[in-house]
Every structure is written in C-alpha cells, then in structure tokens.
Amino acid sequence: MAIKSHKTEFGSVTKSLHWLMAALIIGVFSIGWYMDFLPLGMAKLEWMSRHKSLGVTVLMLVSLRIVWRLCEPTPDALGKHKIERLAAKLGHLAFYGVMIAMPMTGWMMSSAANYPVSVFGLFTLPNLVAPDQGLFEALKTAHWAISWVIVALVVGHVAAALKHHFIDRDATLRRMLPGSDLDQAGDQVPVSTARTVKESS
C-alpha cells in the first residue's frame, strides 16, 4: 500500500489519520456527554481534563491532516452525479471547519473561565482570551451547537458511505478501509461500471 494517495486510492497515512481521528472524536463526544451527568467534584474535573486533552489532540491531528492533504493528490470522487460530488466536497470542507472550531471554542471557553488547558499533564496551553463570564457562556453555547453540527455531518458521512457501498456498489467505502489495496484487486472503478464493461465484452 502506498504512503501517499493517488487518483484511485487513499494512501496509508490518510487512512490512518482518518480512522484515528474517527476514534478520537467518538472518545471526545462520549466523555463530553458522560461528564455532563456527573456532579461537580474531582471525578468530573478529571474527565473534563481528559476531554480537553483529547480535544487538543484532535486539533493537532486535523492540522496535520490538512497539511498532508495539501501535499498529495486527492482520489477522484466516484459519485455518479455532479451534485453528489459537490456535496462530498462541501461535506469534507465542513468537517475540517468544525474539527478546528470545536476544540478552539473549547480552548477559548476554558480561557474565559480562567482554567488553563493542561494536555495530559505534559504541558499547559496559554489562555487565548481574558477571563470573562459572558464570553464563557457564549462560547459554551457555540461549543454545544458545533457538537450537534458534527453529529449531523457524521450521520450524513456514514449514510453516504453506505449508499455508495450498497446502492451504487462502487469503491468509495472500500478504498478507505484499513489494509485495502484496490489497485491490486483491480477495483479502481465503480463496481456497477466494471460489471457493465464485463457484460458488454
């Protein structure tokens, strides 16, 4: 499997970042929702610290992923219709936007509450804004709203991947799976297209 992506296949680095970030986002959301039900105390503060540390990790990884994506070609979209390809592109741009906005609002929210963000106890991030209760409340609302935008994007992303796999029967999902190598499998085109060519030959 190639390290970098090309026109028909995602590279190993892109796949690794994709699934690592997916796991981290699930972890961040799970901790975030869990700690909301905890009473104020040491246990809640510990889970908040883990939540913030993972959020900073997501921010660093999405920054790395954006740089990496700019350094390699992007595989061609396999959508049959132009509107599908446009929706996929806009969806990915929205993902990058919210994956940056979510941890940034969390970081700023901690700063506004005058609680510096410690990353796994290894180092502490500087405060981005001065303590301000009104700003804290506004950022808290923004952080909550962005979380539901992410939920909507994830649901749409999964639905689109399943639609490509089970209805369109193309390689959109399979070429992002770990360990897949569609070039060796001879599966560089949508399954439906390959079947049509085979039947007409």
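Treat the numbers as computed from the prediction; the structure is a model and nothing was measured. (Residues numbered from 1 in each chain as written. Predicted model: local features only at pLDDT ≥ 70, side-chain atom pairs only at ≥ 80, totals over all residues. Heavy atoms only, no water.)

S.K.: What should I look at first to understand the pattern of salt bridges in this one?
M.R.: Note that side chains of opposite charge can pair when their charged atoms are close. Inspection of every chain in the model, using the stated rule, returns 4 salt bridges. The closest approach of N and O atoms between K15 and E9, which form a salt bridge, is 2.8 Å. Residue K15 shares its accessibility class with E9, and that shared class is buried. Note that D168 and K163 form a salt bridge whose closest N and O atoms lie 2.9 Å from each other. Judged by its relative accessible area of 5%, D168 falls in the buried class. The network of salt bridges with common partners includes E84, K163 and D168. (Salt bridge = Lys/Arg side-chain N within 4 Å of Asp/Glu carboxyl O. Buried < 20%, exposed > 50% of the residue type's maximum accessible area, 1.4 Å probe, protein only.)

S.K.: Hey, could you run me through the packing of helix α2 (residues 42-70) against helix α3 (residues 82-112) in this one?
M.R.: Any two packed helices are characterised by the angle at which their axes cross and by the distance between the axes. Relative orientation of the contacting elements α2 and α3 amounts to 145 degrees, with a least axis distance of 9 Å. As for the relative orientation of α2 and α3, their crossing is left-handed in sense. Taking contact as the criterion, the partners of K52, G55, V58, L59, V62, R65, I66 and R69 in α2 are, on α3, H92, Y96, M99, I100, P103, M104, W107 and S110. When the residues that make up the contact of α2 with α3 are grouped by side-chain class, the tally is 10 nonpolar, 3 polar and 3 charged. (Axes fitted to C-alpha atoms, helices over the stretch in contact; angles between N-to-C directions. Helix = DSSP H or I, 4+ residues; strand = E, 2+ residues; numbered from the N terminus. Left-handed = near helix turned anticlockwise from the far one by under 90°. Contact = heavy atoms within 4.5 Å. Nonpolar A, V, L, I, M, F, W, Y, C, P; charged D, E, K, R; others polar.)

S.K.: Would you mind going over the confidence of the model for the protein chain with me for this structure?
M.R.: Parts of the prediction with low pLDDT should not have their coordinates interpreted in detail. For the protein chain, mean pLDDT is 90; residues scoring 70 or higher make up 90% of the total. Segment residues 188-201 is flagged for pLDDT under 50; beyond a separation of four residues in sequence, or across chains, it makes 14 contacts in the model. (pLDDT = per-residue confidence, 0-100.)

S.K.: Explain α3 here, please?
M.R.: Because each turn of an α-helix spans 3.6 residues, side chains separated by three or four positions in sequence point in the same direction. Along its 31 residues, α3 runs 44 Å from first to last C-alpha, staying within 8% of the 45 Å computed at 1.5 Å per residue. A positive phi of about 65 degrees marks N114, the residue just after α3. (Expected span 1.5 Å × (residues − 1).)

S.K.: Before we go on, may I ask you to explain the side chain of T57 in this structure?
M.R.: Within the secondary structure layout, T57 lies in helix α2. Those residues within four positions of T57 in sequence are excluded, and the remaining contacts are L24 and F120.

S.K.: Can you help me understand the packing of aromatic side chains in this one?
M.R.: Where two aromatic rings form a pair, the distance of their centres and the angle of their planes describe that pair. With the rule as written, the count across this model stands at 3 aromatic pairs. Pairing W33 with W148 gives two aromatic rings, centres 6.1 Å apart and planes at 40 degrees, and the pair type is tilted. Residue W33 is found in helix α1 (residues 12-36), and its partner W148 is found in helix α4 (residues 133-168); the two are separated by 115 residues along the sequence. We classify W33 as partly exposed; its relative accessible area is 40%. On the accessibility criterion, W148 (43% relative accessible area) is partly exposed. Seen in terms of ring centroids, Y34 and W47 are 5.3 Å apart; in terms of plane orientation they differ by 80 degrees. Their pairing is edge-to-face. Note that Y34 is positioned in helix α1 and W47 in helix α2, a separation of 13 residues in sequence. (Phe/Tyr/Trp six-rings, centres within 6.5 Å; stacked < 30°, edge-to-face > 60°.)

S.K.: Explain a nonpolar patch on the surface here, please?
M.R.: Residues V154, V158, L162, F166 and I167 make up a contiguous nonpolar surface patch of about 480 Å² in total accessible area. Locating V158 in the fold gives a position in helix α4. Take V158: its relative accessible area is 43%, and that puts it in the partly exposed class. (Patch = residues over 30% accessible without salt bridge, like charges linked within 9 Å, V, L, I, M, F, W, Y side chains within 5 Å. Areas by Shrake-Rupley, 256 points an atom, 1.4 Å probe, with all protein chains shown as cover.)

S.K.: Would you mind going over the environment of S53 with me for this structure?
M.R.: Tracing the backbone through its elements, the reader meets S53 in helix α2. Separated by 99 residues in sequence, S53 and A152 place their C-alpha atoms 24 Å apart. Ignoring anything within four residues of it in the chain, the contact list for S53 reads S118, V119 and F120. Here the side chain of S53 touches F120 through a polar contact of 2.8 Å, landing on its backbone nitrogen. (Polar contact = N/O pair within 3.5 Å; in protein donor to acceptor, adjacent residues only side chain to side chain.)

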